Amino acid sequence: TVMSWINPQAPDVAGRAYRPVSTGSGNGVDRGWGFALRFGDTAGTATSVRLTTYGVADNDSLTFPVVFGEWIHIAATYNNGAIDYYLNGTQLGGSDVSLFGNDGAAARLTIGGRLGGNDFDQTNGLLDGVQVYDQVLNASQIQAAAVASLVPEPSSFALAGFLSAALLRRRR
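Residues numbered from 1 in each chain as written. Predicted model: local features only at pLDDT ≥ 70, side-chain atom pairs only at ≥ 80, totals over all residues. Heavy atoms only, no water.

## Comments concerning the overall build of the protein
Move 1: Counting its secondary structure elements, the protein contains two helices and 10 strands.
Move 2: When the elements of the protein are put in sequence order from the N terminus, they spell out β-β-β-β-β-β-β-β-β-β-α-α.
Move 3: Intrachain contacts of the protein at a sequence separation of at least 6 include 60% that bridge at least 24 residues.
Move 4: Counting only carbon and sulfur atoms, one obtains 52% of the accessible surface of the protein, whose full area is about 9,100 Å². (Helix = DSSP H or I, 4+ residues; strand = E, 2+ residues; numbered from the N terminus. Contact = heavy atoms within 4.5 Å. Areas by Shrake-Rupley, 256 points an atom, 1.4 Å probe, with all protein chains shown as cover.)

As structure tokens, this is what we get:
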């Protein structure tokens, strides 16, 4: 199971895959896997969650729209040939794959892109709460994680900072 919060900016061309996490590179003996938010268009109306095994297959969820500059929670699980995809804790369907590739790659972990990748694999936006599990979480566990790890809006931080400053000033 892999999951992440992502606040994407608009891609400049269709087909970009913003990768919160990946292992290995796209070439050579350390080919691994990648987890991404993939944009089928530049408007964000045909976006999918992607689980890739480099050199083997790109597996995508059903498409959904995103609003650029807003946080979303994405997740994917792989279990014996079955991939399930999630958006904000809700399942987006799944894929059955006969060959997933090098899912056990003892490769380097990369946050925000992939080694040896081009600009199509680099995240343009913000990431938070990137998590990689060594077990398959069920739908209710993923939903609980999405709800429990809500990303606070910047205005919440500003309000907390203002209140803290006011309290400190009052105590003097």
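Having seen the model, we can carry on.
## A closer look at the sheet that holds strand β10 (residues 125–132)
Move 1: Strand order across the open sheet formed by five strands is β8-β7-β6-β1-β10, with antiparallel pairing between neighbours. Here the strands that pair on one side only, and so sit at the sheet edges, are β8 (90–96) and β10. The sheet shows a mean angle of 15° between the axes of neighbouring strands, direction not considered.
Move 2: Bridge count for strand β1 (residues 2–8) against β10 is six bridges, and the pairing is antiparallel. Bridging across to β10, Met3 finds its partner in Gln131. (Pairing = 2+ DSSP bridges. Axes fitted to C-alpha atoms, helices over the stretch in contact; angles between N-to-C directions.)

## Focus on the pairing of strand β6 (residues 72–79)
Move 1: Burial analysis of β6 places six of its eight residues in the buried class, which makes it a mostly covered element.
Move 2: For β6 and strand β7 (residues 82–87), the ladder comprises six bridges, and the chain directions are antiparallel. Residue pairing across strands places Thr77 opposite Asp84, the latter belonging to β7.
Move 3: In sequence, β6 turns back onto β7 through a hairpin of two residues, with Asn80 there showing a positive phi of about 50°. (Buried < 20%, exposed > 50% of the residue type's maximum accessible area, 1.4 Å probe, protein only.)

## Notes on the side chain of Thr52
Move 1: Looking at the element boundaries, Thr52 is found in strand β4 (residues 47–53).
Move 2: Look at Thr52 and you get buried, because its relative accessible area is 2%.
Move 3: Of the polar contacts made by the side chain of Thr52, one reaches the side chain of Asp58; its length is 3.0 Å.
Move 4: Setting aside residues no more than four positions away along its own chain, Thr52 makes contact with Arg19, Gly32, Trp33, Gly34, Ala57 and Asp58. (Polar contact = N/O pair within 3.5 Å; in protein donor to acceptor, adjacent residues only side chain to side chain.)

## Structural notes on the environment of Pro20
Move 1: With respect to the element layout, Pro20 can be found in strand β2 (residues 17–24).
Move 2: By relative accessible area, which is 0% here, Pro20 ends up buried.
Move 3: Put simply, Pro20 and Leu126 are 106 residues apart on the chain and 9.3 Å apart in space, counted from C-alpha to C-alpha.
Move 4: Those residues in contact with Pro20 that lie beyond four places of it in its chain are Ser4, Phe35, Ala36, Leu37, Ile74, Thr110, Ile111, Gly112, Thr123, Leu127 and Val130.

## Regarding the nonpolar core
Move 1: Ranked by size, the top nonpolar core spans 20 residues in total, and within it Phe35, Val49, Leu51, Phe64, Ile72 and Ile74 carry the most contacts.
Move 2: For this core, the secondary-structure elements that each account for two or more residues are β1, β2, β3 (31–39), β4, β6 and β7.
Move 3: By residue number, the principal contributor to this core is β3, which donates four residues.
Move 4: Formed by six residues, the second largest nonpolar core is a distinct cluster that contains Ala75, Tyr86, Ile142 and Ala145. (Core = buried A, V, L, I, M, F, W, Y, C linked by side-chain atoms within 4.5 Å.)

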